[in-house]
Amino acid sequence: MEKELVVLVEDELDLHELLRLHLERAGFLFKAFAEASSFLDFIRKNKPDLVILDWMLPDADGLELCRFLKNRDETKDIPVIMLTAKTEEIDRVLGLEMGADDYIIKPFSVRELVARVKAVLRRIHKPTEAIIKGGPLILDLDKHEVWLGEQKIDLTPVEFNLLRILLSRKGWVFTRDRLLDLLWSGEKVVTERTIDVHIRNLRRKLGEAGEMIKNIRGVGYKFEEN
Ligand code: CA
């Protein structure tokens, strides 16, 4: 199997060598940049398998950089792990909205970071399974059917996709913005309010199982098995 390329954008040079050592040992190719500009030059011609992005860079805001990657066709499916010294909830929320795939809070253990890199890549490579389960719900992706025990639930295509997205990462909070993106990829002009309406209809149709779709106030929605 070809080695995967992990790229680090971070101005703390000590971390370059530390991560190089551990990621290469774990079987990855590794490349590090100390500032955003040289990294941006690099991704014009190269496509890394994963990017580890520091929040505070000398010449850029890591979040803006993340947003840039996620809004560009050539780079939007490259997973991004943000490094941040910040711990406030608001920053995690901001990161989610920019489309980051995971976070590591500084100071971190390198072992933990390597484990997260592997986990994110595993998630990306995992072949789509034809059957997804969540609590008593069963989604058959091939047939586009949802079953609650023996009972088949009739959902609209949007409701079905919404449920599929939430079930694809249980416990993960999807912001309304992200859901809009995933459902309509910016093609259709819809407001975040639209998401609330679809969620409400979906919950109603799912009955008691609908309670597993949780609203995270001011952020978005997640699916959590009871
Ligand atoms: Ca920094």
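Note that the coordinates shown come from a computational prediction; the quantities given were computed from them, not determined experimentally.

**Comments concerning the sheet that holds strand β1 (residues 5–9)**
Turning to step 1, where the next piece is worked out: With parallel pairing, the five strands of this open sheet are ordered in space as β2-β1-β3-β6-β7. Looking at strand neighbours, the two that pair on one side only are β2 (29–33) and β7 (102–105), the edges of this open sheet. If you compare each strand with its neighbour and ignore which way they point, the axes differ by 20° on average.
Turning to step 2, where the next piece is worked out: Two strands pair when backbone bridges link them, and strand β6 (residues 80–84) and β7 are joined in this way by four bridges, in the parallel orientation. If you follow L83 over to β7, its bridge partner there is I104.
Turning to step 3, where the next piece is worked out: Strand contacts of helix α1 (residues 13–25): β1, β2 and β3 (50–54), with the helix running at about 170° to β2, the strand carrying the most contacts.
Turning to step 4, where the next piece is worked out: Packing of helix α2 (residues 36–45) onto the sheet brings it into contact with β1, β2 and β3, and relative to β1 it is tilted by some 155°.

**Quick notes on the coordination of the calcium ion**
Geometrically, a metal with four donors at the corners of a regular tetrahedron has ideal angles of 109.5 degrees, and one with six donors at the corners of a regular octahedron has ideal angles of 90 or 180 degrees.
Turning to step 1, where the next piece is worked out: Coordination of the calcium ion by the protein involves D11 (OD), D54 (OD) and M56 (O), with metal-donor separations of 2.1 to 2.4 Å.
Turning to step 2, where the next piece is worked out: Between consecutive donor residues of the calcium ion, the sequence gaps follow D-x42-D-x1-M. Placement of the pair is D11 in the loop between β1 and α1 and D54 in strand β3, with a sequence separation of 43 residues.
Turning to step 3, where the next piece is worked out: For D11, a relative accessible area of 33% translates into the label partly exposed.
Turning to step 4, where the next piece is worked out: Of the residues examined, D54 reaches a relative accessible area of 3% and is grouped as buried.

**Considerations on the domain arrangement of the protein**
Turning to step 1, where the next piece is worked out: Partitioning the protein into domains gives domain 1 (5–124) and domain 2 (131–223).
Turning to step 2, where the next piece is worked out: Summarising the inter-unit geometry, the C-alpha centres of domain 1 and domain 2 are found 29 Å apart.

**A short note on the nonpolar core**
Turning to step 1, where the next piece is worked out: If you look at the biggest cluster of nonpolar residues, it comprises 28 residues, and the most contacted ones within it are L137, L139, V146, L163, I195, L206 and I213.
Turning to step 2, where the next piece is worked out: For this core, the secondary-structure elements that each account for two or more residues are β9 (137–140), β10 (145–148), α6 (157–168), α7 (176–184), α8 (192–206) and β14 (220–223).
Turning to step 3, where the next piece is worked out: By residue number, the principal contributor to this core is α6, which donates six residues.
Turning to step 4, where the next piece is worked out: Beyond its immediate stretch of four places on either side in the chain, L137 contacts I132, V146, W147, L148, L163, L206, A209 and F223.
Turning to step 5, where the next piece is worked out: F39, F42, L63 and L65 belong to the second-largest nonpolar core, a separate cluster that totals 22 residues.

**Section: the packing of aromatic side chains**
The geometry of two aromatic rings is summed up by the distance between their centres and the angle between their planes.
Turning to step 1, where the next piece is worked out: Following the criterion strictly, the structure yields two aromatic pairs and no others.
Turning to step 2, where the next piece is worked out: Consider the rings of F33 and F42, whose centres lie 5.1 Å apart with planes at 45°: the pair is tilted.
Turning to step 3, where the next piece is worked out: For F33, a relative accessible area of 10% translates into the label buried.
Turning to step 4, where the next piece is worked out: An aromatic cluster is built from F33, F39 and F42, whose rings are joined through pairwise contacts.
Turning to step 5, where the next piece is worked out: The lysine or arginine in question, R169, covers the ring of W172, its NZ or CZ lying 3.6 Å from the ring centre.

**Observations regarding the environment of I78**
Turning to step 1, where the next piece is worked out: Looking at where I78 falls in the secondary structure, it is placed in the loop between α3 (62–70) and β6.
Turning to step 2, where the next piece is worked out: C-alpha of I78 to C-alpha of D140: the two residues are 62 residues apart in sequence and 27 Å apart in space.
Turning to step 3, where the next piece is worked out: Non-local contacts of I78, meaning those with residues more than four positions away in its chain, are made with K47, P48, D49, L50, V51, K70 and D101.

**What to know about unusual backbone geometry**
Turning to step 1, where the next piece is worked out: For the bond running from K106 to P107, omega is -5°, close enough to zero to count as cis.
Turning to step 2, where the next piece is worked out: Within the fold, P107 resides in the loop between β7 and α5 (110–125).
Turning to step 3, where the next piece is worked out: Despite not being glycine, H144 has its phi angle at roughly 60°, a positive value.
Turning to step 4, where the next piece is worked out: Position of H144 relative to the elements: it lies in the loop between β9 and β10.

**As for the sheet that holds β9**
Within a sheet, neighbouring strands are paired by backbone hydrogen bonds and run either parallel or antiparallel to one another.
Turning to step 1, where the next piece is worked out: The four strands lie next to each other as β8-β9-β10-β11, forming an open sheet whose pairing is antiparallel. Every interior strand has two partners, whereas the edge strands, β8 (131–134) and β11 (151–153), have only one. The average undirected angle you get between the axes of adjacent strands in this sheet is 25°.

Quick notes on the rules
- Residues numbered from 1 in each chain as written.
- Predicted model: local features only at pLDDT ≥ 70, side-chain atom pairs only at ≥ 80, totals over all residues.
- Heavy atoms only, no water.
- Pairing = 2+ DSSP bridges.
- Helix = DSSP H or I, 4+ residues; strand = E, 2+ residues; numbered from the N terminus.
- Axes fitted to C-alpha atoms, helices over the stretch in contact; angles between N-to-C directions.
- Contact = heavy atoms within 4.5 Å.
- Donors = N, O, S within 2.8 Å, 3.2 Å for Na, K, Ca; no water.
- Buried < 20%, exposed > 50% of the residue type's maximum accessible area, 1.4 Å probe, protein only.
- Domains from an automatic or database assignment.
- Core = buried A, V, L, I, M, F, W, Y, C linked by side-chain atoms within 4.5 Å.
- Phe/Tyr/Trp six-rings, centres within 6.5 Å; stacked < 30°, edge-to-face > 60°.
- Lys NZ or Arg CZ within 6 Å of the ring centre and 35° of its normal.

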